[in-house]
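Here is what each chain is made of, one letter per residue.
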Amino acid sequence: MFLKPYRPKSSAALKGSESKKFRQRVELAFPNISVDQLVPAKAAVTHVKILTHGGVQSVVYCVDKQPMFFELDGGQLVPTLYAMWIVPNILPYYTTHEGVLPKLTNGADLMLPGVVPLGVGMSMYGHYKKGQLMAVNLTNNKSAVGVGQLARSSDDLYMCGGHGVAVKMLHLFGDKLWAHEPSLVQQIPLVRTKALSTDDFPALGAEAERKKTPKAEAADAPDTFASVTQAEELESGTASMSLAEDEEHTETADTSPPAESNEVSPEYILRNAFLSALKNNGKKLPLPLLTSNFYRLYVVNEASEQIDLKKTRYKKLSNFLADMVDQGFIVVREESKGVDKIISVDLEHPELVNFITDVKANEANGAASETPLFHSELKEMYIVSDVTAAFFTKMNFKRGEGIPVGQVKKIVREYVAKHGLQDVKTKLVRPDETLQELYGNREGTLSEVCSIITSKMEHSYQMCSGKDTSGKPMIQMSLATRSGNKKVTLVSNIEAYGIILAEFIKLCKQGAAASTSIVKLPHQKLEQLQIQGNQVRFVYTLLTETYKVPPKCILGLELAKDGKKNKKK
């Protein structure tokens, strides 16, 4: 339902009475939970009407900007993954295998062969009716990764003989609803199931591992205790997985000029929303426009927080607009008594022009739910556990850090080569003290050592953007001359960094006010971005500040205008 971008139609903050009714509605729909956990009494609740890519109208309810519920066609409330992670028991669960998650994120429904049976006989799939809301989790993690509806009743699922659709997926980890507010996105919290522990993964010799002596079992007791302690901590919410990307999003999102976001004045919020409305919609405003409609349709939607005019020094909208008229932003004319209309807007106002560059990063982040800057990718990861922390710490990886599947073997190979542990003739790895703590004093091949180490790590998935710069070509900026001795800026290898070209072109047109197009190179499959004029400095700033591309990955900055050329006398 939300795998493709959806279009927000309107956004409005719920008043006190409306918020109270919404809390009552949540309590009626989910009587087995405490409403205060999901919708606190004093929280800011926002009502966002959206139109999905498939043309379905829906409503998303955000609590402090975090999407918590959305509506189906019949008005049924459905909790989002963020709500499921706060209150896990809000819905019943079906469990599937970890390898099914990538298929679900590609648009597939959960099929019966992928469902782990809950019991035997008629109770194999529980006792649920058709259309029942179901959460989906993985065999190695209790946290929900998706929410959907039962395609058939539990009895009908049993009679299907293990074939057909079990759950029609509505909302998944990594979809556009999960990324509704880019500054608040979270990875899947890691909550281990009891069925998965280090004892379930025999190392090197499965039969020898099963026939452990009492001494060996006693030696493994500390590891078992550590894993149980870790699971308890994770279930209590004190430990969760997160990417450095989340931290970057959070850091870049908070760019308000005041010292702390908590101390932002209501006047500052109102003024910023006013300038954002002019910046984003100045050329599209249907002038003359009623001042009340301008405030309701444009200013309110641009506000970072709920606006209360009574808390500002203006007290009334007319007083604020009169101040904006005095500063030269707009011209207001009184059509009749009590009816004011905006008849013109000064888009060349110096403060408005400077405000465009100041909020460019925020604008990109705010629009990411509809048109994301980066291509998102679901990556299979192994998480450094307590048991393997001693090994990976020597390779500069921290406990709880995610490592891509393909990188684990490279790390093990590098460690073995660095310490000279592999025999040249037999190709067997002799364990040192660190490896002996993992699997004992047994020799094995490099592949066997990797399988032992990965079996003692947590397997999971994380949603990543295209910011990883390792092994990628440099972004090349150059200048060329076209007909009429006009200069153009050419930029290559942008897509290698996961940047969506259509959105990058849009930002170039808005920020540089220059024609931007894609040019195909002759006899090559590669494409270049062509921007009118010398825009090297602008492209460099856009890549480093908005897209966070490391400066060392960009070539051609020396071609930028320095703005200090001497005029010919």
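The rules behind each value
- Residues numbered from 1 in each chain as written.
- Predicted model: local features only at pLDDT ≥ 70, side-chain atom pairs only at ≥ 80, totals over all residues.
- Heavy atoms only, no water.
- Helix = DSSP H or I, 4+ residues; strand = E, 2+ residues; numbered from the N terminus.
- Buried < 20%, exposed > 50% of the residue type's maximum accessible area, 1.4 Å probe, protein only.
- Contact = heavy atoms within 4.5 Å.
- Areas by Shrake-Rupley, 256 points an atom, 1.4 Å probe, with all protein chains shown as cover.
- Axes fitted to C-alpha atoms, helices over the stretch in contact; angles between N-to-C directions.
- Parallel < 35°, antiparallel > 145°, perpendicular 65-115°, else oblique.
- Nonpolar A, V, L, I, M, F, W, Y, C, P; charged D, E, K, R; others polar.
- Phe/Tyr/Trp six-rings, centres within 6.5 Å; stacked < 30°, edge-to-face > 60°.
- Patch = residues over 30% accessible without salt bridge, like charges linked within 9 Å, V, L, I, M, F, W, Y side chains within 5 Å.
- Salt bridge = Lys/Arg side-chain N within 4 Å of Asp/Glu carboxyl O.
- Arc of directions from axis to C-beta.
- Pairing = 2+ DSSP bridges.
- pLDDT = per-residue confidence, 0-100.
- Expected span 1.5 Å × (residues − 1).
- Core = buried A, V, L, I, M, F, W, Y, C linked by side-chain atoms within 4.5 Å.
- Left-handed = near helix turned anticlockwise from the far one by under 90°.

Description of the overall build of the protein
- Of the regular secondary structure elements, the protein holds 19 helices and 22 strands.
- A burial count over the protein gives 43% of its 569 residues as buried.
- Partitioning the contacts of the protein with sequence separation of at least 6, the portion at a separation of at least 24 is 62%.
- A total accessible area of about 30,500 Å² is found for the protein, and carbon and sulfur atoms account for 51% of it.

Section: the packing of helix H9 (residues 266–281) against helix H10 (residues 291–302)
- Two numbers describe how H9 lies on H10: the axes approach to 7 Å, and their chain directions differ by 105 degrees. Overall, the two elements H9 and H10 adopt an arrangement that is roughly perpendicular. Contacts from Leu270, Ala273, Phe274, Ser276, Ala277, Leu278, Asn280 and Asn281 in H9 reach Phe294, Tyr295, Tyr298, Val299 and Glu302 in H10.
- Of the residues that constitute the contact of H9 with H10, the class distribution is nine nonpolar, three polar and one charged.

Side note on the packing of aromatic side chains
- Overall, the coordinates contain 18 aromatic pairs when judged by the stated rule.
- Ring centres 5.8 Å apart and planes at 80 degrees place the aromatic pair Phe2 and Tyr6 in the edge-to-face group. An identical accessibility class is assigned to Phe2 and Tyr6; each is buried.
- Aromatic ring contacts, followed pair by pair, group Phe274, Phe294, Tyr298, Tyr314, Phe320 and Phe329 into a single cluster.

Quick look at a nonpolar patch on the surface
- A grouping of Met122, Tyr158 and Met159 is seen on the molecular surface, where their side chains present a nonpolar patch of about 310 Å² in accessible area.
- Mapping Tyr158 onto the fold places it in helix H5 (residues 154–159).

Details of the environment of Gly440
- Among the structural elements, Gly440 can be located in the loop between helix H16 (433–439) and helix H17 (446–455).
- For Gly440, a relative accessible area of 23% translates into the label partly exposed.
- With residues near it in sequence (within four places) discarded, Gly440 still touches Pro431 and Leu435.

Description of helix H11 (residues 317–326)
- Leu317, Phe320, Leu321, Asp323 and Met324 are the residues of H11 that are buried. Each buried residue of H11 sits inside an arc of 155 degrees when the element is viewed along its axis, so together they form one side.
- Gly328 sits one or two residues past H11 and shows a positive phi near 90 degrees.

Considering the sheet that holds strand E12 (residues 289–290)
- In spatial order, the strands read E12-E14-E13; together these three strands make up an open sheet with antiparallel pairing. The two strands at the open ends of the sheet, each matched to only one other strand, are E12 and strand E13 (330–336).
- Of the strand pairs in this sheet, E12 and strand E14 (residues 339–345) are connected by two bridges, and their pairing is antiparallel. Across the sheet, Leu290 pairs through a bridge with Lys341, a residue of E14.

As for the confidence of the model for the protein
- Chain-level statistics for the protein give a pLDDT mean of 78 and a share of 79% at 70 or above.
- A low-confidence stretch, residues 195–262 (pLDDT under 50), is modelled with 78 contacts involving residues beyond four sequence positions or located in other chains.
- Across residues 357–371, where pLDDT falls below 50, the model places 31 contacts with residues more than four positions away in sequence or in other chains.

Regarding the sheet that holds strand E1 (residues 7–13)
- Taken in spatial order, the five strands line up as E1-E2-E3-E4-E5 in an open sheet, and their pairing is antiparallel. Edge positions in the sheet fall to E1 and strand E5 (77–79), since each of these pairs with one other strand and no more. Direction aside, the axes of adjacent strands within the sheet are offset by 30 degrees on average.
- The pairing of strand E3 (residues 57–63) with strand E4 (residues 66–71) spans four bridges and is classified as antiparallel. Each residue of the ladder has a partner; that of Cys62, found in E4, is Pro67.

A closer look at the pattern of salt bridges
- Enumeration according to the criterion identifies seven salt bridges in this entry.
- Residues Arg25 and Glu71 are paired through a salt bridge, measuring 2.8 Å at the closest nitrogen-oxygen approach. One end of the pair, Arg25, is in helix H1 (residues 16–29); the other, Glu71, is in strand E4, and 46 residues separate them in sequence.
- Classification of Arg25 by relative accessible area gives partly exposed; the value is 30%.
- According to the relative accessible area criterion, Glu71 is buried, its value standing at 13%.
- Asp423 is paired through a salt bridge with Arg430; the nearest N and O atoms lie 3.7 Å apart.
- Given a relative accessible area of 26%, Asp423 falls into the partly exposed group.
- Residue classification places Arg430 among the partly exposed positions, given a relative accessible area of 36%.

Considerations on H1
- End to end, H1 covers 20 Å across 14 residues, agreeing with the expected 20 Å (1.5 Å per residue, within 8%).
- When H1 is considered as a whole, its buried residues turn out to be Ser19, Phe22 and Val26. All buried residues of H1 fall inside an arc of 60 degrees around its axis, so they share one side. Along H1, the residues that are exposed and aim more than 90 degrees away from the buried face are Lys20, Lys21 and Leu28.
- Each element contacted by the buried residues of H1 is listed here: helix H2 (35–38), strand E2 (45–51), E3, E4 and E5.

Points about the nonpolar core
- One finds Phe22, Phe69 and Ile90 to be the most contacted residues of the largest nonpolar core, which totals 64 residues.
- Beyond its immediate chain neighbours, meaning those up to four positions away, Phe22 contacts Leu14, Val39, Val45, Tyr61, Phe69 and Leu77.

Focus on the packing of helix H15 (residues 405–419) against H17
- Contact geometry of H15 with H17 gives a least axis separation of 10 Å together with a crossing angle of 120 degrees. Overall, the two elements H15 and H17 adopt an arrangement that is oblique. The two elements H15 and H17 cross, and the hand of that crossing is right-handed. Contacts between H15 and H17 involve Val408, Lys409, Val412, Arg413 and Val416 from the first element and Leu446, Ser447, Val449, Cys450, Ile453 and Thr454 from the second.
- The residue inventory of the contact of H15 with H17, partitioned by class, reads seven nonpolar, two polar and two charged.

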